[in-house]
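# A closer look at the structure
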Amino acid sequence: SYDYLVTALGSETAYFGIPGLEEHSFVLKSVNDANRLRAHVETCIAEYSKTKNKADGTIVVGGGGLTGIELVGEYADLMPSLCLKHGVDPKEISLYCVEAAPTVLPGFPAELVERAQSSLTKRGVTFVTGTPVTKMDATTVELKDGSKIETKTMVWTGGVQGNSVVANSGIEVNRGRALVNEFLQSTSHKDVFLAGDSAVVMGPEGRPYPPTAQLAWQMGEVVGVNLAVAIRGGAMESFVPVFSGTLGSLGRKDAIGTIGGNKTQLKGLPASLMKEASNVRYLSHIKGLFALAY
Ligand code: NAD
């Protein structure tokens, strides 16, 4: 039982019913996922050095949104040192990013998409665009054009959906995400407050705002204020999202970004520095400056 409930359960990976995907792919949603993936990739490269088995030497990232692009950039940067450690020529390792839409990073300005693709292609990434993943088993990814990629490492970054605990809890939802009013209370249960990806906030044109960290953070602050108001009395704060922009890393030394609704575009060092600054700001905000020491 509760007087007030705050729900911030985040999103879940969406598999879109693609056969074999949930069973055989990796996801990247937590530090544990990242550590597991890192160890798995190292095992595969070590195995490849002995067997030259193509499935060990191939990494596929399925979905070229920001998660997929940032991840494949990390792999591109990691590969030279990992290969050196295991005595493998990096040119023998295949890194794919497979995207269903005609280009990666749908919705990003074309110039920045071009920059992302050319920067990553130079570091060994092969892009397959306009070609959805349709099936997967333990060692093969199948694409809509009938082609197959042999791999033991498929990381699925093809999208997110509302959290099923929230979707099935009985509160009012829209496509699995809780509907909230301007104060971030559930539209059906005023004693339930929601923040982040498990809620959906509709913009003025009736389109949902994207499930991003910057909005989750802002929603959390508004929920904090409104929860105190609900208990102590006073006027609740309305949630008015502030879009400071989007920054995407392309590995350690390159990045792209937009500031203030696509008006200012950044690439290269300025974008990398902004991305680093935004990480520092985020970490210090949630954990204090102490977090930066680690
Ligand atoms: P996404 O939904 O943004 O991207 C998923 C991509 O997968 C899309 O481009 C989609 O076309 C593709 N896709 C879907 N089905 C496919 C299929 N069958 N085969 C191949 N490709 C397929 O998901 P995400 O990248 O995980 O991002 C989720 C949210 O988090 C977004 O709002 C994103 O902007 C945000 N995000 C932001 C950052 C950042 O700001 N740096 C980083 C990561 C995520």
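The sections below set out a description of the structure shown in this document. The structure presented is a predicted model; accordingly, all values stated were derived computationally and were not measured.

Right, let's talk about the overall build of the protein for a bit. The number of helices and strands found in the protein is seven helices and 17 strands. In terms of overall size, the protein behaves like a compact globule, its C-alpha atoms giving a radius of gyration of 21 Å where 294 residues would be expected to give roughly 19 Å. Seen along its three principal axes, the alpha-carbon backbone of the protein occupies a region of about 65 × 40 × 35 Å. Put simply, the protein has 294 residues, and 43% of those count as buried. Expressed as a percentage of contacts within the protein between residues at least 6 apart in sequence, the contacts between residues at least 24 apart total 61%. If you sum the accessible surface of the protein, you get close to 15400 Å²; carbon and sulfur atoms cover 55% of it. With 27 positive and 29 negative side-chain charges, the protein shows a spacing of 5 Å between the two charge centroids.

At a minimum axis separation of 10 Å, helix α2 (residues 31-51) and helix α3 (residues 66-86) run at an interaxial angle of 45 degrees. It follows that α2 is oblique to α3 by the angle criterion. Considering only the axes of α2 and α3, their crossing is right-handed. On the side of α2, the interface is formed by L37, R38, V41, E42, I45, A46 and S49, while α3 contributes Y75, L78, M79, L82, C83, K85 and H86.

Unlike most non-glycine residues, L105 shows phi in positive territory, near 45 degrees. With respect to the helices and strands, the residue L105 is situated in the loop between β4 (94-98) and α4 (110-122). Within the chain, R175 stands out as a residue other than glycine whose phi angle is a positive 45 degrees. Judged by relative accessible area, which is 81%, R175 ranks as exposed.

So, on to the sheet that holds strand β5 (residues 125-128). The strand order across the open sheet built from four strands is β5-β4-β3-β9, with neighbouring strands paired in parallel fashion. Unpaired on one side and paired on the other, β5 and β9 (153-156) mark the two borders of the sheet. The mean inter-strand angle of the sheet, taken between neighbouring strand axes irrespective of direction, is 20 degrees. By the bridge criterion, five bridges tie strand β3 (residues 58-62) to β4 in an arrangement that is parallel. By the bridge assignment, T58 is partnered in β4 with S94. Docked against the sheet, α2 engages β3 and β9, running at close to 155 degrees with respect to β9.

By the element assignment, D56 lies in the loop between α2 and β3. A distance of 3.1 Å separates the side chain of D56 from the side chain of K152, its partner in a polar contact. If sequence neighbours within four positions are ignored, D56 has contacts with C44, I45, E47, Y48, T51 and K152.

Another point: the environment of V104. Tracing the backbone shows V104 in the loop between β4 and α4. In this structure the C-alpha to C-alpha distance between V104 and E114, which are 10 residues apart in sequence, comes to 9.1 Å. If we ignore the near neighbours within four places in the chain, the residues touching V104 are G64, I69, C97, E99, V113, Q117, F127 and T129.

Turning next to the site of the ligand. Not every one of the 24 residues close to the ligand is listed here, only the nearest: T67, E99, A100, V133 and L247. In this structure, V133 approaches the ligand through a main-chain N or O atom, which is 2.8 Å from a nitrogen atom. Take P211: an N or O atom from its main chain is 3.5 Å from an oxygen atom of the ligand. Here the ligand has 850 Å² of accessible area as a free molecule, and 74% of this is covered by the chains. Residue assignment for the shell around the ligand shows that the elements contributing at least two residues are α3 and β15 (245-249). Of the residues forming the shell around the ligand, the biggest block, three residues, is contributed by α3. Split into classes, the residues belonging to the shell around the ligand amount to 12 nonpolar, nine polar and three charged.

What follows deals with the state of the cysteines. Applying the stated rule across the entire model yields zero disulfides. Between C44, a free cysteine, and C83, which holds the nearest cysteine sulfur, the sulfur-to-sulfur gap is 12 Å. The exposure class assigned to C44 is buried, which follows from its relative accessible area of 5%. Just so you know, C97 is unpaired, no disulfide at all, and the nearest cysteine sulfur is the one on C44, 18 Å from it.

What counts, and where the lines are drawn
For every chain, the first residue of the written sequence is number 1, and numbering continues from 1 along that sequence. Where local features are concerned, this predicted model is filtered to residues with pLDDT of at least 70; where side-chain atom pairs are given and counted, the filter is 80 or more; whole-chain, interface and lining totals use all residues. Processing note: side-chain calculations cover all non-hydrogen atoms of the structure and skip hydrogens and water entirely. The secondary structure listing takes helices from DSSP runs of H or I that are at least 4 residues long and strands from runs of E that are at least 2 residues long, numbered from the N terminus. Here the globule rule is a power law, 2.2 Å times the number of residues to the power 0.38, and the radius of gyration is based on C-alpha atoms. Only protein chains enter the accessibility calculation, which uses a 1.4 Å probe; a residue is then buried when its area is under 20% of its type maximum, exposed when over 50%, and partly exposed in between. In this analysis, two residues are considered to be in contact whenever any of their non-hydrogen atoms come within 4.5 Å of each other. The method behind every accessible area is Shrake-Rupley, applied with a 1.4 Å probe, and residues are considered shielded solely by the protein chains displayed. Charge assignment in this entry is limited to Lys and Arg as positive and Asp and Glu as negative, and neither His nor the chain termini are counted. By convention, the charge on Lys lies at NZ, on Arg at CZ, on Asp at CG and on Glu at CD. The convention used is that axes are lines fitted to C-alpha atoms, helices contributing only their stretch in contact, and that angles between N-to-C directions extend from 0 to 180 degrees. Each angle gets one of four labels, with under 35 degrees taken as roughly parallel, over 145 as roughly antiparallel, 65 to 115 as roughly perpendicular, and the rest as oblique. Crossing handedness is defined as follows: a turn of the near helix away from the far one that is anticlockwise and smaller than a right angle gives a left-handed crossing, while the clockwise case is right-handed. DSSP bridges decide pairing: two strands pair if at least two such bridges lie between them. Under the rule applied, a polar contact is a pair of N or O atoms within 3.5 Å (in protein, one hydrogen donor and one hydrogen acceptor; residues adjacent in sequence only if both atoms are side-chain atoms). Any residue with a non-hydrogen atom lying within 4 Å of a molecule or strand is treated as near it. When residues are sorted by character, Ala, Val, Leu, Ile, Met, Phe, Trp, Tyr, Cys and Pro go into the nonpolar class, Asp, Glu, Lys and Arg into the charged class, and all the rest, Gly among them, into the polar class. Here, a disulfide means two cysteine sulfur atoms that sit within 2.5 Å of each other.

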